[in-house]
Amino acid sequence: MLVGDYLLEWLKKQKSQVELTTFSGYEHNVNKAAEYFNDLEITLKELKTKHIQQFYEHLQLTEHIKYNTVKRYHANIHKALEDAIRMELIDHNPASHIKHKKTEQYIAKYYNETELKQLFDIVKGDIIEPIVLVTAYYGLRKEKVLGLKTDAIDFENKTITIKHTVTNASVGGKRVVVKKDRTKSKSSYRTLPLIPEIEMVLKGVLQQQEYNKSFFGNCYKNKDNYLFTDEEGNIIKPDRVTRRFKKLLEDNNLKVIRFHDLRHSCATLLLQKGITLGEIQIWLGHSTIKTTEIYANNEVLDKTLLADTVSTALKVSA
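Throughout what follows, the structure given in this document is the object of discussion. Just so we're clear, the structure is a prediction, and the values are computed from it rather than from any experiment. (Residues numbered from 1 in each chain as written. Predicted model: local features only at pLDDT ≥ 70, side-chain atom pairs only at ≥ 80, totals over all residues. Heavy atoms only, no water.)

## Overview of the overall build of the protein
Broken down by element type, the protein carries 13 helices and five strands. Burial statistics for the protein: of 318 residues in total, 46% are counted as buried. A total of about 17,100 Å² of accessible surface is found on the protein, and carbon and sulfur atoms cover 49% of it. (Helix = DSSP H or I, 4+ residues; strand = E, 2+ residues; numbered from the N terminus. Buried < 20%, exposed > 50% of the residue type's maximum accessible area, 1.4 Å probe, protein only. Areas by Shrake-Rupley, 256 points an atom, 1.4 Å probe, with all protein chains shown as cover.)

Given below as structure tokens:
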């Protein structure tokens, strides 16, 4: 069996075994690896460490893929070959002998307090305004902000619960929206105080939705009660948020950062305001404090104190 043919067969089996978003990453990497190895007509038993190493060098030198991304290809290939051992197709895993070079840690860009307030001014009235505000105040991942439904907001007890996600994935060459009632880790599922400024924003969102429902009637599409939708009730897709955010920054001559860097901005702001890394870890929902150290550029108190800190720093003007 050719290496590429085996990888494609392995990929088919993974579709029913892993999350759709995980499979999306597998599919792109494995298809590219399969094409490369099949062009060389290398069989599974002929595959050596040097062949895999040459593939990684090809990705870097010919396709200009960063080494951090190459390591994702390696993870897929290594896993596929481990399964080949279990099926007694090969005796050892040639990917196990790859020597990885040390990769540089990504240094995220972030907005300071002044830049965030400038951002709030330029998004005012835009369809992504409430999404930007919730992200900046809570440091949430995009998929968790877009996954917020009306039942996540408790106006009586002043809380917001993170429990659902909406993300994009590429499957079979098509972009699909993946919705699930599970967050990335146990620490990601959490309930936080509802910051007064965000409470005001969300009440405005719900009022607008009520108007849209009455206007569109039976044609209104938000049957699952998502908070962030367009006028007709279609959920706002993650890719749309990414594109719109970048365009707003470029059109208004603001420093261009990734949408995800609003999470870094929140963490850095909290650190500058004297909040400890342990407290920021809880606010951002990190499972380890080492992750928080990356995000923040460097016994937990009441989470309400964190809410008050962000609220004071990033007041949204009425």
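Structure's up, so let's keep going.
## Observations concerning unusual backbone geometry
A positive phi is found at histidine 64, a non-glycine position, where the angle reads about 55 degrees. Of note, histidine 64 is situated in the loop between helix H3 (49-61) and helix H4 (67-86). Here the phi dihedral of lysine 158 falls at roughly 60 degrees; this positive angle occurs in a residue that is not glycine. Examined against the element boundaries, lysine 158 turns out to sit in the loop between strand S1 (153-154) and strand S2 (159-162).

## Describing the packing of helix H10 (residues 261-272) against helix H11 (residues 277-284)
In the contact formed by H10 and H11, the axes pass within 10 Å of each other and the chain directions differ by 150 degrees. Between H10 and H11, the crossing angle belongs to the class labelled roughly antiparallel. As for the relative orientation of H10 and H11, their crossing is right-handed in sense. When H10 is examined against H11, the residues Arg263, Cys266, Ala267, Leu270 and Leu271 are found in contact with a partner set consisting of Leu277, Ile280, Trp283 and Leu284. Looking at the contact of H10 with H11 residue by residue, the class counts come to eight nonpolar, no polar and one charged. (Axes fitted to C-alpha atoms, helices over the stretch in contact; angles between N-to-C directions. Parallel < 35°, antiparallel > 145°, perpendicular 65-115°, else oblique. Left-handed = near helix turned anticlockwise from the far one by under 90°. Contact = heavy atoms within 4.5 Å. Nonpolar A, V, L, I, M, F, W, Y, C, P; charged D, E, K, R; others polar.)

## A few points about H10
Here H10 contains twelve residues, and its C-alpha end-to-end distance of 16 Å stays within 8% of the 16 Å for a straight helix at 1.5 Å per residue. The buried count for H10 comes to ten of twelve residues, which makes it a mostly enclosed element. Listed in full, the buried residues belonging to H10 are Asp261, Leu262, Arg263, His264, Ser265, Cys266, Ala267, Thr268, Leu269 and Leu270. Where H10 ends, the next residue or the one after it, glycine 274, has phi of about 95 degrees, a positive value. (Expected span 1.5 Å × (residues − 1).)

## Digging into the environment of tyrosine 26
Mapped onto the elements of the fold, tyrosine 26 is located in helix H2 (residues 20-40). Each C-alpha atom of the pair tyrosine 26 and isoleucine 77 lies 9.5 Å from the other, and the pair is 51 residues apart in sequence. In this view, tyrosine 26 contacts Trp10, Leu11, Gln14, Val18, Asn76 and Lys79; residues no more than four positions away in its chain are not counted.

## Some points on empty space enclosed by the protein
If you add up the space inside the largest cavity, you get close to 30 Å³. As for the largest cavity, its lining consists of Gly147, Leu148, Lys149, Asp151, Ala152, Thr161, Lys163 and His164. (1 Å grid on protein atoms, 1.4 Å probe; cavity = no way out; pocket = protein on both sides within 12 Å on 5 of 7 lines; lining within 4 Å. Points joined across faces, edges and corners; volume = space filled by probe spheres on them.)

## Quick look at the pattern of salt bridges
Evaluation of the coordinates by the stated rule reveals 16 salt bridges. When the shortest N-O distance is used, the salt bridge between aspartate 83 and arginine 86 registers 2.1 Å. Here aspartate 83 and its partner arginine 86 are both found in helix H4, three residues apart, which amounts to about one turn of the helix. Under the relative-accessibility criterion, aspartate 83 is labelled buried at 15%. On the basis of relative accessible area, arginine 86 is assigned to the exposed category, the value being 59%. Overlapping salt bridges bring together Glu113, Lys117 and Lys273 as one network. (Salt bridge = Lys/Arg side-chain N within 4 Å of Asp/Glu carboxyl O.)

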